[in-house]
Amino acid sequence: MNTDSFSLTPSHIIEYLFCPRFTYFMHVLDIPQFEENNFKVMLGRNLHNDKLNTNKSYIRKKINATAKHIDVYLSNNYLRGRMDEVLELEDGTFAPLDYKFAEYKDHIFKTYLTQIYCYAVLIEENYNVKVNKGFVVYIRSNNKLVTVDIPVEAKETILKSCTEIINIIENNIYPSVKASQIKCYNCIYRNICSK
């Protein structure tokens, strides 16, 4: 896959997996969702940025990390992203670590998993290493660290999604709805979407 005209972020993948129509409305018709107006989103971003600036030299030896790279921007021909940390592990693999201004409630949101999977693809391609797991740190749960297994199938889903998103955007394709009725009800585009 190669495109000179568009580079995707984990947010694009998350939106697409929510529903391909989200991709169409946001990136073909250019109808924004105005996320920046959400106070909680902005508060979370600011606290998240503060977290990145503390304990810069701390290496998480309990999870077998031997080194870390902070605030890493990686890209390839179709995907880009900024990772909070890229960890080097004792077994020679690498792992993304992402801070979330959230509480841990016994499960990891699909959006967080998708983001970690995107980072795994980017790390593997840029560092030429294997990525088998990642980590999420929940700031509002006393910095609880949760391990995320990253199966090969998850990385393949990311690559397939990138191809499909680029096809929608570059060819102005109006995709089928793949969302549930609950997702449709909560979608910001529900009033202009014809199912």
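Residues numbered from 1 in each chain as written. Predicted model: local features only at pLDDT ≥ 70, side-chain atom pairs only at ≥ 80, totals over all residues. Heavy atoms only, no water.

1. Re the pattern of salt bridges
Our working rule: By convention in these notes, a salt bridge is any Lys or Arg side-chain nitrogen within 4 Å of a carboxyl oxygen on Asp or Glu. Helix and strand definitions follow DSSP, with helices as H or I runs of at least four residues and strands as E runs of at least two, each counted in order from the N terminus. Only protein chains enter the calculation, and the probe is 1.4 Å; a residue is then buried if its accessible area is under 20% of its type maximum, exposed if over 50%, and partly exposed in between.
As enumerated under the stated definition, the model contains 6 salt bridges in all. With a closest N to O distance of 3.5 Å, glutamate 103 and arginine 140 form a salt bridge. With glutamate 103 in the loop between strand E3 (94-100) and helix H4 (110-127) and arginine 140 in the loop between strand E4 (133-138) and strand E5 (144-149), the pair connects residues that are 37 residues apart, well separated along the chain. Take arginine 140: its relative accessible area is 45%, and that puts it in the partly exposed class. A salt bridge links glutamate 124 to lysine 155; the shortest N-O distance between them is 2.7 Å. Separated by 31 residues along the polypeptide, glutamate 124 in helix H4 and lysine 155 in helix H5 (residues 152-171) bring together distant segments of the chain. Per residue, the accessibility class of glutamate 124 equals that of lysine 155, and both read buried.

2. Examining the nonpolar core
Here is a general trend for soluble globular proteins: nonpolar side chains tend to be buried in one another's company. This is how the line gets drawn: Side-chain atoms within 4.5 Å are what join buried Ala, Val, Leu, Ile, Met, Phe, Trp, Tyr and Cys residues into a set we call a nonpolar core. We call two residues contacting when some pair of their heavy atoms lies within 4.5 Å.
The biggest cluster of nonpolar side chains holds 42 residues, and the ones touching the most others in it are Ile13, Leu79, Ile123, Val148 and Ile158. Contributing elements (two or more residues each) for this core: helix H1 (10-18), helix H2 (20-28), strand E1 (65-75), strand E2 (80-89), H4, E4, E5 and H5. With 10 residues, the top contributor of residues to this core is H4. If we skip the residues at most four places from it in the chain, leucine 79 touches Ser7, Leu8, Thr9, Pro10, Ile13, Leu74, Cys118, Val121, Leu122, Ile158 and Cys162. Judged by nonpolar contacts, the second largest core, of 10 residues, contains Leu89, Phe135, Val137 and Ile139.

3. Some details on H5
An α-helix turns once per 3.6 residues; consequently, residues spaced three or four apart project the same way. This is how it is decided: Expected span, for any helix, means 1.5 Å times one less than how many residues it has. This arc describes the spread of directions from the helix axis toward the C-beta atoms.
In this model, H5 (20 residues) spans 29 Å end to end at C-alpha, consistent with the 28 Å of a helix rising 1.5 Å per residue. For H5, the full list of buried residues reads Ala154, Lys155, Ile158, Ser161, Cys162, Ile165, Ile166, Ile168 and Ile169. End-on, the buried residues of H5 take up no more than an arc of 160 degrees, which puts them together on one face. For H5, the exposed residues set more than 90 degrees away from the buried face come down to Val152, Glu153 and Lys160. On its buried face, H5 is in contact with H1, H2 and H4. Directly beyond the C-terminal end of H5, a positive phi value near 55 degrees is found at asparagine 172.

4. Comments concerning the packing of aromatic side chains
Definition in use: Pairing of aromatic side chains requires ring centres within 6.5 Å, counting the rings of Phe and Tyr and the six-membered ring of Trp. Pairs whose planes differ by under 30 degrees are stacked, by over 60 edge-to-face, and all others tilted. By the criterion adopted, a ring carries a charge over it if an Arg CZ or a Lys NZ lies within 6 Å of its centre and within 35 degrees of its normal.
Scanning the entire structure with this criterion turns up 8 aromatic pairs. Between phenylalanine 94 and tyrosine 127, the ring centres sit 5.0 Å apart and the planes meet at 50 degrees, which makes this aromatic pair tilted. Remark: tyrosine 127 occurs in helix H4 and phenylalanine 94 occurs in strand E3; sequence separation between them is 33 residues. Taking the relative accessible area as the measure of exposure, phenylalanine 94 reaches 10% and is therefore buried. An aromatic cluster of at least three residues, connected via ring pairs, comprises Tyr104, Phe109, Tyr112 and Tyr138. Positioned above the aromatic ring of phenylalanine 101, the side-chain terminus of arginine 140 is 5.1 Å from the ring centre.

5. Regarding unusual backbone geometry
One non-glycine residue, asparagine 143, lies in the positive phi region at around 60 degrees. Relative to the assigned elements, asparagine 143 resides in the loop between E4 and E5. Phi is positive for asparagine 172, close to 55 degrees, though the residue is something other than glycine. Structurally, the position occupied by asparagine 172 is in the loop between H5 and helix H6 (181-186).

6. As for the pairing of E5
Looking down a regular strand, the side chains alternate between one sheet face and the other. Note the cut-off: In this analysis, strands are considered paired if DSSP registers two or more bridges between them.
Relative to E5, E4 runs antiparallel, the two sharing 6 bridges. Across the sheet, phenylalanine 135 pairs through a bridge with threonine 147, a residue of E5.

7. Here we look at the confidence of the model for the protein
The following threshold applies: Values of pLDDT, ranging from 0 to 100, describe the predictor's confidence in every residue of the model.
Confidence in the prediction for the protein averages 86 pLDDT; 85% of positions are at 70 or higher. Summarising per-element confidence for the protein, the mean pLDDT is lowest in helix H3 (residues 39-52) (60) and highest in H4 (97).

8. Quick notes on H4
Relative to the 26 Å expected for 18 residues at 1.5 Å per residue, H4 spans 25 Å between its end C-alpha atoms, a close match to the ideal helical length. Across the 18 residues of H4, 13 count as buried, placing the element largely inside the fold.

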